[in-house]
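# Overview (structure and organization)
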Amino acid sequence: MTKVIERRVCPHTLSNRLFWLCAVTYVMALFGRLSYSAVMVALIADGSMDKGQAGLIGTALFVVYGVCQIFSGLIGDKISPKKMVFAGLMGSGLLNLLMGITGQYAVMLVLWSLNGVFQSMLWSPVARIFAEQMPPDERKKACSNVAVTYPLATVLTYLLASVMLTVWNWRSVFLLSAVMILAVGGYWLYRMTWFERQIAEHGETEIITLQPKSRKNQEGFMHLMLVSGILLAAFASLTHGMLRDGIQTWLPSLMTDNFHFGTSASVALDIIVPLFNIFGVVFTKAIAKRWIDNELKGAAGFFAVTIVALALLGFVCNSSAVVSLLLLTVASTCMVGANIMLINLIPVHFGVIGRSSSVTGIMNCSAYIGSAVSSFGIGSVAQSFGWSSAIWVWVLFSLGAWITAMAGSGMWGRYERRLDNNMA
């Protein structure tokens, strides 16, 4: 039986404002996730913890965040995005406040793990807003443009941290992040209430007709994952997370260990790489508009370039600092492209069947499992066998990601056409 869904979406005249509200809110929210990594060196330097303890706190957030992404994604399809984002902001803001007050390692480990729970409540509902409340012709553009938030937030957080560490201490970074997050949480609640009222009163009507062959009620979520190729895409997402956060985390150590960079110079590179990543968003949008009509094939293309860059890096990582930095920047920028394909664009197609948040949760969970593996595992490999071996681990995972992305691209292409024709 044909099912007709009628819903109101944001008027075109207000869509840019809705996008900017979501984007700015998410940038501010990321301060509450990146604040710890920005002050980790200072925490070690003042004797608050050793390197192993500091790494464990960062890994704990990745693990908790990744696992909770599944549940947050599923819940995000059921409850109001406005309320879910507000709860995430309030929780993360309060936990950053407590991180700035305490100085005890065990307490910080527990607090930062809990922060992973609240941070997991932010991206999936934002993705759902783009998929279900933005005008249909602006959804992909919004999902592509919002990819700039992560590298932008990284740059801003590290700049803020460098200033606050100079004029005060590491506690000030957490305290200032808390104030900003709590303030933006209040503003988010106020403005989203206004947007909901405008959409209800003046929103444009979107009519979705689900064809009889969709069998939405008969097909469970796991079946949907299988037939759409998303389970194969999840491994590609895991590898993208491993490389995106792994390069950001370990680049200073690699440059210090292999080329004897000073600490300040190595940390400065953590700002340079995300600056190039911002240009990666623009580049990806340009080529996606002209040449990419299948997101999994697009992701495979980015992994192919990454394989070449990292393989070359494996041979020069002990001999040329400039070439090493260039190749790492290429690989990191390619992961921005993969992020747009896997995390931003694929889930938006599922908005017509109310599954955009769930799929976002699965893909984001995979990415942060990869982040956790890289945060802990790559450092261990580098310490035991050297950076060349660690880089070849990245190459092998990238090869696996390319294979799985290509293997799933056919299934995704067929399922994407069904979704776009309202037949999923």
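Up top you'll find the structure we're talking about.
About the cut-offs
- Residues numbered from 1 in each chain as written.
- Predicted model: local features only at pLDDT ≥ 70, side-chain atom pairs only at ≥ 80, totals over all residues.
- Heavy atoms only, no water.
- Helix = DSSP H or I, 4+ residues; strand = E, 2+ residues; numbered from the N terminus.
- Rg over C-alpha atoms; globule rule 2.2 N^0.38 Å.
- Buried < 20%, exposed > 50% of the residue type's maximum accessible area, 1.4 Å probe, protein only.
- Contact = heavy atoms within 4.5 Å.
- Areas by Shrake-Rupley, 256 points an atom, 1.4 Å probe, with all protein chains shown as cover.
- Polar contact = N/O pair within 3.5 Å; in protein donor to acceptor, adjacent residues only side chain to side chain.
- Phe/Tyr/Trp six-rings, centres within 6.5 Å; stacked < 30°, edge-to-face > 60°.
- Lys NZ or Arg CZ within 6 Å of the ring centre and 35° of its normal.
- Salt bridge = Lys/Arg side-chain N within 4 Å of Asp/Glu carboxyl O.
- Patch = residues over 30% accessible without salt bridge, like charges linked within 9 Å, V, L, I, M, F, W, Y side chains within 5 Å.
- Axes fitted to C-alpha atoms, helices over the stretch in contact; angles between N-to-C directions.
- Parallel < 35°, antiparallel > 145°, perpendicular 65-115°, else oblique.
- Left-handed = near helix turned anticlockwise from the far one by under 90°.
- Nonpolar A, V, L, I, M, F, W, Y, C, P; charged D, E, K, R; others polar.
- Arc of directions from axis to C-beta.

What follows deals with the overall build of the protein. Secondary structure assignment for the protein yields 15 helices and two strands. Expected size for 424 residues packed as a compact globule is a radius of gyration near 22 Å; at 21 Å, the protein falls within 12% of this value. In terms of overall dimensions, the protein has C-alpha extents of about 65 × 45 × 35 Å along its principal axes. Counting the 424 residues in the protein, one finds 58% classified as buried. Contacts spanning at least 24 positions in sequence make up 86% of the contacts within the protein whose residues lie at least 6 apart. Carbon and sulfur atoms make up 68% of the accessible area of the protein, which totals about 17100 Å².

On to the environment of Ser332. Considering the arrangement of structural elements, one finds Ser332 in helix α13 (residues 321–345). Here Ser332 falls in the buried class, since its relative accessible area comes to 4%. Here Ser332 is in contact with Ile247, Val273 and Asn277, once residues within four sequence places are set aside. Polar side-chain contacts of Ser332 include one of 3.2 Å to the side chain of Asn277.

Under the defined criterion, the tally for this structure stands at 14 aromatic pairs. An angle of 75° between the planes, with centres 5.5 Å apart, marks the rings of Phe19 and Trp20 as edge-to-face. The buried category is assigned to Phe19, whose relative accessible area is 10%. Residue classification places Trp20 among the exposed positions, given a relative accessible area of 55%. Through pairs of rings, three or more aromatic residues link up here, namely Tyr36, Trp112, Trp170 and Phe174. In this arrangement the basic side chain of Arg191 is found over the ring face of Trp194, its NZ or CZ atom lying 4.5 Å from the centre. Above the plane of the ring of Tyr150 lies Arg244, whose end atom (NZ or CZ) is 4.9 Å from the centre.

A separate point is the pattern of salt bridges. Scanning the model with the defined rule gives six salt bridges in all. Here Glu132 ties to Arg128 by a salt bridge, and the two come within 3.2 Å at their closest N and O atoms. Linking Glu132 with Arg128, this pair stays in helix α5 (residues 123–132), spanning four residues, or about one helical turn. Taking the relative accessible area as the measure of exposure, Glu132 reaches 13% and is therefore buried. The closest approach of N and O atoms between Arg139 and Glu206, which form a salt bridge, is 2.8 Å. You can see Arg139 sitting in helix α6 (residues 139–145) and its partner Glu206 sitting in strand β2 (residues 204–210), a full 67 residues away along the chain. The residues Arg139 and Glu206 share a single accessibility class, namely buried.

Attention now moves to a nonpolar patch on the surface. A cluster of nonpolar side chains, namely Val63, Val67, Ile70, Phe71, Leu74, Ile75 and Ile79, defines an oily patch on the protein surface of about 560 Å² accessible area. Looking at the element boundaries, Ile70 is found in helix α2 (residues 51–76). Judged by relative accessible area, which is 30%, Ile70 ranks as partly exposed.

The N-to-C vectors of helix α12 (residues 295–316) and helix α15 (residues 387–420) enclose an angle of 165°; their axes lie 8 Å apart at closest approach. The angle between α12 and α15 places the two elements in the roughly antiparallel class. Regarding α12 and α15, the two cross each other, and that crossing is left-handed. A per-class count over the contact of α12 with α15 returns 19 nonpolar, six polar and three charged.

What follows covers the side chain of Thr102. Looking at the secondary structure, you find Thr102 in the loop between α3 (81–101) and α4 (105–119). Look at Thr102 and you get buried, because its relative accessible area is 13%. Within the local environment of Thr102, its side chain forms a polar contact with the backbone nitrogen of Gln104, the two atoms lying 3.3 Å apart. Ignoring any residue separated from it by four or fewer positions in sequence, one finds Thr102 in contact with Val107, Met108, Leu111, Trp170 and Arg171.

Residues Phe221, Leu224, Met225 and Ser228 constitute the buried set of helix α9 (residues 221–228). Down the axis of α9, the buried set is contained in an arc of 100°. They therefore lie on one face. At the exit of α9 stands Gly229, carrying a positive phi of roughly 85°.

Just distances and angles here, no functional claims.
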